[in-house]
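# Coordinate inspection notes
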Amino acid sequence: MSSPHEDIHSEEFLHKMMRRQLRLSIWCGVTFCIALLGMPLLNYFLPEVMATEVWGFSLTWLILGVLFFPFVWIISLVFIRRSIAMEKKVGDDYAN
Amino acid sequence: MQIDPWIVALSLVTVIVTIGMGFWTAKHSKSASDFFVAGRSVSVGWNASAISGEYLSAASFMGIAGMVMKVGYDALWYPVCYACGYLFLLLFIAGPLRRFGAYTIPDFAEGRFDSPMFRKIAVIFVLFIGFFYTMPQMKGAGTTLAYIFPGLPYWAGVVVVGVIITFNVALGGMKGITLIQAFQCWMKMFAISAPIFVVMAFYGTYGQNLSINLPANAAKPLPAHVERVKLPEKAPADKKWVSPFGSLTTKAAAAAGLSPAEQKPYSLLYTYSLIIALVCGTAGLPHILVRFYTNPDGMAAKRTTMWVMILIGVFYVFPPMFGVIGRNLLPELYSAVGAKGTDKIVLELPLLLNHKVPGLGSILSGLTCAGAFAAFMSTFSGLLVSMTGALAHDVYGRMLRPQSTSHQRLIAFKVSAVLIGVVAVVLGMQVEPLEINFMVGQAFAIAAASYFPLLFMSVWWRGMTIKGAATGMLTGGTLALLGITLTSVCDIVLITSQKNGTPNPLQFVQDFWLAHPGIRILCEQPAIWTVPLALTLMIVISKLTRKEIPADVRMKMLVLHAPEQLGLKQEYIQEQQAPAH
C-alpha cells in the first residue's frame, strides 16, 4: 500500500471523499426540498387544513412566514457539525 | 407633507457615518488584495455580518413589506427563499469555492477549465446580474429620498445616493466596505425590529392584525388595540390577500379571464418557478459569492454561511409584519404607484405613532429611513465592488493589460467604479414603475440559470468540459435574461402608456400573453425551465466533448474538496505573483 502522503493524491481518496461530502449535502438538501416544495402542494390539495387559524395566523402563513427559518437553521447546524467532524477525521487520518 | 427634522437628521447621520467609515478604512486599504478580497483575513463574525449587510438590500428592507402589503401571502416566498437559498450555498458551493482561492467568479471559471475565453463569458454575467440587482437598489434610493423630502423628484434621490456610494467604493474597495456593511447589518436589524415592536404595542400584534383579514373572522369585532381603515377599491380582497395562490401568482391567468379554479395550476407553476429562481439564484449571485473569498479557509466559509442564515432569517420575520399592519392602517398606499406606493410602507408606518405619542413616530420613521439608507447603500456598495472587480481585475488586469502593475490595477479599480456607478444611476432612473422586490427576484432568476449550474456542476462533476459549461451557462442565462427583459419592458411600456393615455406600442405582445398565460409566466419567472435546461446542456455537451476534460482535473477536485489540514488548498490568485497570473 502507498504511503498516506501519496494516498491523498489518489483517485480512490478523491472518489471516497467527494462521495461522503455529496451524500451529506444531498441528505440535507433533500430534507429541505421536501419541506419547501411540499408547501405549495399542501396549499393546493389541502387548502382548508392550511387555512386553519393558529394564534391569529393561518397555518400556512405561520409555517412559511415564521417557522420555516428555525427549521432551516437546524438543517444547517446538522450539516456544519457533520461536515466539520468528517473533514477532521479525514485530515487526522491522512495528515499524519 | 412637511419635511420632518428627525427623519432628515437620522438619515443624514447614516450617510455621514458611512462616508466617514469609507475614509477611515481607505487609509487601511493599500494593496490590490485589500481592494478585491479584503486581504483574505476577515473573521467569521465580521464576514457573516458583512454578507448579511450586503444581502439585506432595499428589496429586503422595503420591498418585501411593500409586496406583502400589496399581494399578501404570495410575497412570503421571497423572504423565505432569500434566507433559505443560503442553505444550497452552504451545502454545495461555499466551502469548495473558497478553497479554490480566486478573487472573482470569472477567476474560478477560468481556473477550473484553464480557459481565458471562459473568463470573458463569466464577466458578462457578472455585469448583467449586477445591473439587474442594482436597479431596485436605485428605486429604493429614489423612493426613500422622495419620502424624506416631499416634492423631490425620484431621479434626484437616485443620483445623490449613486454618487455617494460610487465615491465610497472608489475610496476603499472591498476592505473598506466590509466594515461598513457589517455596521449596516446591525443597524438594519435594529431599524426593522425596534419600530415594529413599538407599533405593535399601540396597534396590536402581528397575529391580531393578520387575523382580522382571515375570512372566518370577517364578522367578529376587532381585537383590542387593532384598528382598521376601510380598504380602497384597488386593494385585494381579504380572502385573496391572505390565501396562497393570490394576486401575484395568478396575475397572468386572471388577466386571461380564466376562472379561479383554472387559475390555480398556473399559480402553482409560478410559485415553483419563483422558488427555484430564489433558492438557486442565491447560490449564484456573484456579489455574494465573491465575499466568500474573504474568509481565511473553506471551513470558515461554511461557518460564515450558517451565521448569515441565522442573521437574515431573524431579519426576514419582521418586514411582513409591516406589510400586514400597513394593510390595516395605511391602505391609501394601494391607490398610489411608483415611489408613492406600498414600497414605502416601512418608512411611513411608524409615523402613525405621532398620533399616540407626539414625536415618537418621527423618530422611529427616521430610524427606518436610516435603515433603508443602510440597505440600499450596503447592497449597492457590494454590487459596485463585484462589477468593478469584473471590469478592473478580469477585463483590464487579465484581458487588456495582463502585464499591468498592482498600482495600475488599483487605478483601474477606481476608474471602473465611476463608470459602473454612472451606468447604474442611469438605469435606476428608468425603473420607478416596477416593484423593488420583483426586480430583485428577476436578478435571482438570471443568476439561477447561469452561475448556479456552472458552480454546482464545476464543483461536483469531474466530467464537465469548458464547452459544456459555457453552452449551459450562456444558453440558460441568456434565455432567462431575454424572457425577463421582455416582460419588464412590456410592463413599463404598458404602465407608461396607461399613465399618459397613449396607445401601447407593444399591445400585440400583451394580446399574445392574454391568449397564452402559461408562456407569460415562463417568461416572467423562467427558472423552472432555464435551470434544468442549463444543467442538461452542461451534461450533454460535456459528454460529447469528453476528450476536452482538463488534464489536471483530479488535482483541481482535490483542491476543491480536500480539508485544509491536508495542505492542498491553493490561492489561485496570489498577491506576490507578479504582475498577473
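Worth saying up front: this structure is predicted, and the values here are computed from it rather than measured.

### Some remarks on the overall build of chain B
In terms of regular secondary structure, chain B is built from 24 helices and zero strands. The C-alpha atoms of chain B give a radius of gyration of 23 Å, which matches the 25 Å a tight globule of 581 residues would have. Considered along the principal axes of its C-alpha atoms, chain B spans approximately 70 × 55 × 45 Å. Going through the 581 residues of chain B one by one, you find that 61% of them count as buried. In chain B, 82% of the contacts between residues at least 6 apart in sequence involve partners at least 24 apart.

### Overview of the overall build of chain A
Each helix and strand counted, chain A has four helices and two strands in total. In sequence order, chain A lays out its α and β elements as α-α-α-β-β-α. Scaling as 2.2 N^0.38, a compact globule of 96 residues should have a C-alpha radius of gyration of about 12 Å, whereas chain A reaches 21 Å, well beyond that. In terms of overall dimensions, chain A has C-alpha extents of about 65 × 25 × 10 Å along its principal axes. Across the 96 residues that make up chain A, the buried fraction comes to 31%. Restricting to contacts in chain A with at least 6 residues of sequence separation, those with at least 24 account for 58%.

### Side note on the interface of chain A and chain B
Counting residues at the interface gives 43 residues for chain A and 44 residues for chain B. At the level of elements, α2 (11–45), β2 (57–58) and α4 (59–95) of chain A are the ones that each hand at least two residues to the side of chain A that touches chain B. Of the residues forming the side of chain A that touches chain B, the biggest block, 21 residues, is contributed by α4(A). A per-class count over the side of chain A that touches chain B returns 28 nonpolar, twelve polar and three charged.

### So, the nonpolar core
Core analysis: the largest hydrophobic core is formed by 211 residues, its most contacted members being Cys84(B), Ile446(B) and Ala448(B). Here this core takes 19 residues from helix α17 (residues 360–400) of chain B, the largest share from any one element. Setting aside residues no more than four positions away along its own chain, Cys84(B) makes contact with Phe32(A), Leu36(A), Phe68(A), Val72(A) and Val279(B).

### Re helix α4 (residues 58–71) of chain B
Residue and element names in this part refer to chain B. With 14 residues, α4 should cover 20 Å at 1.5 Å per step; its first-to-last C-alpha distance of 18 Å lies within 8% of that length. At Ile64, α4 shows its largest bend, some 30°. Summarising burial for α4: 14 of the 14 residues are buried, a large majority. Phi turns positive one or two residues past the end of α4, at Gly72, with a value near 80°.

### Comments concerning the packing of α4(B) against α17(B)
Residue and element names in this part refer to chain B. Two numbers describe how α4 lies on α17: the axes approach to 7 Å, and their chain directions differ by 130°. As summarised for this structure, α4 and α17 are arranged oblique, according to the angle between their axes. Together, Ala58, Ser60, Phe61 and Met62 of α4 and Gly371, Ala372, Ala375, Phe376 and Thr379 of α17 make up the contact between the two elements. The residue inventory of the contact of α4 with α17, partitioned by class, reads six nonpolar, three polar and no charged.

### Things to note about unusual backbone geometry
Even without a glycine there, the phi angle at Trp55(A) is positive, about 50°. Position of Trp55(A) among the secondary structure elements: in the loop between β1 (53–54) and β2. Accessibility expressed as a C-beta count within 10 Å gives 12 for Trp55(A), which makes it exposed. Residues other than glycine seldom take positive phi values, yet Asp114(B) does so here, at roughly 50°. Since 13 C-beta atoms lie within 10 Å of it, Asp114(B) is described here as partly exposed.

### Some details on the confidence of the model for chain B
Any residue range with low pLDDT should be treated as having predicted coordinates unsuitable for detailed reading. Residues and elements named next belong to chain B. Overall, the prediction assigns chain B a mean pLDDT of 85, with 92% of residues at 70 or greater. Long-range and interchain partners of residues 575–581, a stretch whose pLDDT sits below 50, account for eleven contacts in this model, where long-range means more than four residues apart. Confidence estimates for the predicted assembly give a pTM of 0.87 and an ipTM of 0.90.

### What to know about helix α23 (residues 527–544) of chain B
Residue and element names in this part refer to chain B. Across its 18 residues, α23 extends 25 Å between first and last C-alpha, which sits within 8% of the 26 Å expected from 1.5 Å per residue. The set of residues buried in α23 consists of Ala527, Ile528, Thr530, Val531, Ala534, Leu537, Met538, Ile541 and Ser542. Elements that come into contact with the buried residues of α23 comprise α12 (260–282), α19 (436–460) and α20 (466–500).

### So, the environment of Ala301(B)
All names here are of chain B. Its location among the elements puts Ala301 in helix α14 (residues 298–317). For Ala301, a count of 25 C-beta atoms within 10 Å puts it in the buried group. As for Ala301 and Val44, which are separated by 257 residues in sequence, their C-alpha atoms are 7.5 Å apart.

### Topic: the packing of α4(B) against α19(B)
Geometrically, a packed helix pair is captured by the angle between its two axes and the distance between the axes. Residue and element names in this part refer to chain B. Where α4 contacts α19, the two axes come as close as 7 Å, and the packing angle between them is 120°. Comparing the axis directions of α4 and α19 gives the class oblique. Taken together, the residues of α19 that come into contact with α4 (itself represented by Ala58, Ala59, Met62, Gly63, Ile64, Gly66 and Met67) are Ile436, Asn437 and Val440. Classifying every residue of the contact of α4 with α19 by side-chain character gives seven nonpolar, three polar and no charged.

### Considerations on the environment of Val385(B)
Tracing the backbone through its elements, the reader meets Val385(B) in helix α17. With 31 C-beta atoms counted inside 10 Å, the residue Val385(B) sits in the buried group.

### Quick word on the environment of Gln498(B)
In this structure, Gln498(B) sits in helix α20. C-beta crowding within 10 Å serves as the criterion here: with 12 such atoms nearby, Gln498(B) is assigned to the exposed category.

Reading guide: rules and limits
Residues numbered from 1 in each chain as written. Chains lettered and ligands numbered in written order. Predicted model: local features only at pLDDT ≥ 70, side-chain atom pairs only at ≥ 80, totals over all residues. Helix = DSSP H or I, 4+ residues; strand = E, 2+ residues; numbered from the N terminus. Rg over C-alpha atoms; globule rule 2.2 N^0.38 Å. Buried ≥ 20, exposed ≤ 12 C-beta atoms within 10 Å, placed from the backbone. Contact = placed C-beta atoms within 7 Å. Nonpolar A, V, L, I, M, F, W, Y, C, P; charged D, E, K, R; others polar. Core = buried A, V, L, I, M, F, W, Y, C linked by C-beta atoms within 7 Å. Expected span 1.5 Å × (residues − 1). Bend = angle between axes of the 7 residues up to and from the residue. Axes fitted to C-alpha atoms, helices over the stretch in contact; angles between N-to-C directions. Parallel < 35°, antiparallel > 145°, perpendicular 65-115°, else oblique. pLDDT = per-residue confidence, 0-100.

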